[in-house]
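Chain residues, written in single-letter form:
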Amino acid sequence: MGKFKISLFSLLLFLLCFSIGISRAIAADDAAEFTLEEITVTAAKQGEQNLQKVPLAMDVITGEDFAKNAKANVDDILSNLASVFINTNADGMRVSIRGITDTDPVYGGRKSSSPTVAMNVDGAYNSMNTSGQNLFDVERIEVLMGPQSTLYASNSPGGVVNIITASPKTDKYSASFSALYGNYNHSDLQAVLNAPIVKDKVAARLALNRTRENNFLDPYTDELSVKNDSARLKILWAATDDLDITLTGNYNKNGNRGEMSQQAAPFDKSSSSAWTTASNAQGSNNPLDQITKGGKADISWKTPVGNLTIVPSYSKSDSSGNQTGMVTIGPPGPPGTPGQIQVEGTWYSERKMEQKTAEARIASPADFESLQYVVGFFYYKSEYNTSDTYEGDLSSNDTWNKNNAEQKAIYGNVTYPLPFNDKLSVTAGYRKSWDYAHQIGYQPGRGNDETEMDVSNPDYKLGVQYDMTDQVMLYGSYTSSFRTDSMAMSNNIGVRPPEELKAYTVGAKTRMLNNRVQINASAYYYDYKNKFAQDSGSRGNFTQAELESHTFPSGATFYDGPSGTMVTIPDGTTYWQTIDQGRSNTLPDGSVVYSVDDGGFNGWGDSRTIGADVSLSWVPTSKDLVEFSLSYLDMEWTHLRFIYKYTDFFPDHNYDGRTAPNAPKFSMTASYEHKFDIGTYGILTPRVDMQHRTGFDLVFDQSDGMGYGHQEGYFLWNASLGFNSNSGMWSVNAVVRNITNYAVKKSYMADQQILMLGDPRTYTFTASIKF
């Protein structure tokens, strides 16, 4: 509480000084015109539209914002949005919007499910959690809050993140180069060349990036945590005034397989020893690289009946190779489980993924005012194969897993301006999806595991938009979403029903004071059914005598995953008779224990969410910019019970009324920057920004009393100082992030007792030049 009061006092002092400075600046400012910039987006898939005219709760981060804040991945870039939190895990970054996040478990760094927030890069869906890492030459990022299923993929109840990279220009040559260096040996080199090949007809844009950074945690301070080499080539052919074709090729070499690396020993909310590495940390120095290659096409054709867009894409990722290191053998469970030992071994590790997407849509022309529409077809297919094959006596540790997913959908959205009031419009949307997911695999201690899902489901949208004035718009909507893919990726309890979300939203987008102030706000209610939940209290090791001394109650039933039916256990059956007796290990004292992993009857429940978001942008003078955002989130489980099969070992857990993980009640961001004219030299811009979140849990089970899975309320402070020449040719920028060096808990792997942490205090210096 003391830290909170100190941080709150610091914030109030900052706001007081800021108010005094602004008042003086307004008095001294001349009469020159200045307004907020207009931002165009493509989120509605109907060409470019003014952000303030799109009836969706959304935020936009521009490429200029990336440069001045030295940010290069989704976690860094979205940190200034109050309603967004990044839950980093061993398989990558998991974007959480309004408390909806992917909490599926991770085994050995493997991707275990598709994101709950869809990630699209230049219009192509990518389900890998590494897709938001190492961004460069980006024009903007559009963040859509809440389900957008009637326009985007069905497996995106949390929202959508659209990453739009810069496109070739056919009118002139241009080039740019930037170099960044910071502590922890952080270096980032970027080069971009834009070249018209046939003036006004054909152009190419080549973007290159190289990033290196050491791990933040001992004992890996001299080893690379981030090691990326990337290239992107775009070729634009403006075939006619109505037909444009853009071809894109991508190459990325991601060190350490793209696995997150800041894995620390667990500490409670009052501990100050935040930066100690866990003795069993994994993935901090993975020698294998992830190499991804891909290509896509973007065909845009203005036809008499509408604007036709066709976007096919393909990507292939491989991070396979031989590895040598310490291997844990023994019964599964938390590190230190009796009987577990570590030995040195060699194994071949395979991680391969192939993704194919295709979308075709036709949208009404921009000048077609009587009716606006977009109809389309979407297809996605992925194949993800993993295995670890050990040499010699360690072959009993072999694992393999195959995950396949396929989505097909037709969709349409229609907006109709009402004839009796040209300021009022209604929208209806529909999407029919056919989702298939299949998982099959084997893990020691867990046995064979197979799940198959084949679900066909509709999604709906009903909306209303009222343009009160040219600068004030009100909107409301009902949208639905469903999710299936998570069911196939990690299974202890068989097939479970699709996750279903119904979202009710009202909002307003406003500009005032001659476009100097922008206030956008929205309020929402979410009704979430069958949401996947993970509980960590259902695994243990027991002797044969213990297993034989417990019997099931008369009439006990359980869900049998392979058969997909409820099975009644015969009276008098002991626990010993129902477990896999091959999952055993001999302890040092000669006794034998058997692993029991109880998935129970269910791993899903229902929740409800009440929330509100508000954002403010204000240019009080031609040289000042103020930004602020606040998010309120009240998310709790209305029905969630873990009912176990082996009830004498694992008592039932009732989480009704509990707050869901990764759902802070309040989140807030604020920033201020001022431009100083330095005569004929250029403009000097200092900036300070703050992020605050109230306390929240990262996992359900806090029964250990240690507080490892709880993140206390915190403030983060960042500052930057940039200089831009008057010619616009060159710039320099210095940034310090996380000034107070606070360790933010990003996720907690309870079964391994490892925390994933946010970045410590970092310093960077960037120099850029444009031609």
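From a predicted model like this one, the values you see are computed outputs, not experimental measurements. (Residues numbered from 1 in each chain as written. Predicted model: local features only at pLDDT ≥ 70, side-chain atom pairs only at ≥ 80, totals over all residues. Heavy atoms only, no water.)

The next point concerns the overall build of the protein chain. When you go through the protein chain residue by residue, the secondary structure sums to 5 helices and 45 strands. A buried classification covers 54% of the 771 residues belonging to the protein chain. The contacts in the protein chain between residues at least 6 apart in sequence include a share of 66% that link residues at least 24 apart. When the accessible surface of the protein chain is split by element, carbon and sulfur atoms take 57% of a total near 32800 Å². (Helix = DSSP H or I, 4+ residues; strand = E, 2+ residues; numbered from the N terminus. Buried < 20%, exposed > 50% of the residue type's maximum accessible area, 1.4 Å probe, protein only. Contact = heavy atoms within 4.5 Å. Areas by Shrake-Rupley, 256 points an atom, 1.4 Å probe, with all protein chains shown as cover.)

The 5 strands are arranged S3-S8-S9-S6-S7 in an open sheet whose pairing can be described as mixed. If you trace the sheet from one side to the other, it starts and ends with strand S3 (58-62) and strand S7 (124-126), each paired once. Neighbour-to-neighbour, the strand axes of the sheet open up by a mean angle of 20°, direction not taken into account. Sheet topology note: the strand S6 (residues 117-121)/S7 ladder contains 3 bridges and is antiparallel. Bridge pairing links Met119 to Asn126 in S7. (Pairing = 2+ DSSP bridges. Axes fitted to C-alpha atoms, helices over the stretch in contact; angles between N-to-C directions.)

With that out of the way, let us pick up the sheet that holds strand S27 (residues 539-542). Pairing between the strands of a sheet comes from backbone hydrogen bonds, and it takes one of two forms, parallel or antiparallel. Across the sheet, which stays open at both edges, the 3 strands sit in the order S27-S31-S30 with antiparallel pairing between neighbours. Whereas interior strands pair on both sides, the edge strands pair on one side only; in this sheet they are S27 and strand S30 (584-586). Taken over all neighbouring pairs, the strand axes of this sheet differ in orientation by 25° on average, direction set aside. The pairing of S27 with strand S31 (residues 592-597) spans 4 bridges and is antiparallel. Residue pairing across strands places Phe542 opposite Tyr594, the latter belonging to S31.

Before going further, it helps to examine the nonpolar core. Leu547, Ile579, Val596, Leu640, Tyr646, Phe649 and Phe650 are the most contacted members of the largest nonpolar core, which totals 31 residues. If you list the elements that add at least two residues to this core, you get strand S25 (499-512), strand S26 (517-532), S31 and strand S33 (624-639). Residues contacting Tyr646, with those up to four places away along its chain left out, are Phe552, Tyr575, Thr578, Ile579, Val596 and Asp598. Within the second largest apolar cluster, 23 residues are counted, among which are Ile77, Leu81, Met93 and Val117. (Core = buried A, V, L, I, M, F, W, Y, C linked by side-chain atoms within 4.5 Å.)

Here the focus is the side chain of Thr685. Structurally, the position occupied by Thr685 is in strand S38 (residues 682-693). Residue classification places Thr685 among the buried positions, given a relative accessible area of 13%. Setting aside chain neighbours within four positions, we find Thr685 in contact with Glu673, His674, Lys675, Ser720, Leu721 and Gly722.

For the rest of this paragraph, the subject is the pattern of salt bridges. Counting across every chain of the model gives 24 salt bridges. The closest approach of N and O atoms between Asp289 and Lys227, which form a salt bridge, is 3.5 Å. Linking Asp289 in the loop between strand S15 (263-264) and strand S16 (290-303) with Lys227 in strand S13 (residues 224-238), this pair joins segments that are 62 residues apart in sequence. Residues joined by salt bridges that share partners form a network here, namely Arg608, Asp634, Glu636 and Lys665. (Salt bridge = Lys/Arg side-chain N within 4 Å of Asp/Glu carboxyl O.)

Using the criterion set out here, one finds 18 aromatic pairs in the structure. Their ring planes at 55° and their centres at 5.6 Å tell us that Tyr430 and Tyr460 sit as a pair that is tilted. Here the residue Tyr430 occupies a position in strand S22 (residues 424-443), and Tyr460 occupies one in strand S23 (residues 447-469), the gap between them amounting to 30 residues. Look at Tyr430 and you get partly exposed, because its relative accessible area is 36%. Classification of Tyr460 as partly exposed rests on a relative accessible area of 40%. Geometrically, the ring pair formed by Trp576 and Tyr594 is edge-to-face, given 4.9 Å between the ring centres and 85° between the ring planes. Here the residue Trp576 occupies a position in the loop between strand S29 (565-568) and S30, and Tyr594 occupies one in strand S31, the gap between them amounting to 18 residues. Here Tyr594 falls in the buried class, since its relative accessible area comes to 11%. Through successive ring pairs, a cluster of aromatic residues spans Phe542, Phe552, Tyr575, Tyr646, Phe649 and Phe650. (Phe/Tyr/Trp six-rings, centres within 6.5 Å; stacked < 30°, edge-to-face > 60°.)

Further remarks concern unusual backbone geometry. Not every positive phi belongs to a glycine, and Asp122 is a case in point at roughly 50°. Tracing the sequence through the fold places Asp122 in the loop between S6 and S7. If you check the backbone angles, Asn515 has positive phi at about 65° while not being a glycine.

A few words on a nonpolar patch on the surface. Taken together, the side chains of Leu193, Leu206, Leu208, Leu233, Ile235 and Leu247 define a hydrophobic patch exposed on the protein surface, amounting to about 470 Å² of accessible area. If you list the elements that add at least two residues to the nonpolar patch, you get strand S12 (202-214) and S13. Note that Leu193 resides in strand S11 (residues 186-198). (Patch = residues over 30% accessible without salt bridge, like charges linked within 9 Å, V, L, I, M, F, W, Y side chains within 5 Å.)

Both S16 and strand S17 (residues 306-318) contribute to a ladder of 11 bridges, which runs antiparallel. In the strand pairing of S17, Ser300 is matched with Thr309. Between S16 and S17, which pair antiparallel one after the other, the connecting turn spans 2 residues.

One ladder, built from 17 bridges, connects strand S20 (residues 372-390) with strand S21 (residues 399-417); its direction is antiparallel. What sits directly across from Ser382, in S21, is Ala405. Where S21 meets S22, 18 bridges bridge the pair, whose relative direction is antiparallel. Paired with Ile410 across the strands is Lys432, a residue of S22. What sits between the antiparallel neighbours S21 and S22 is a turn of 6 residues.

Read these as spatial facts, not as claims about activity.
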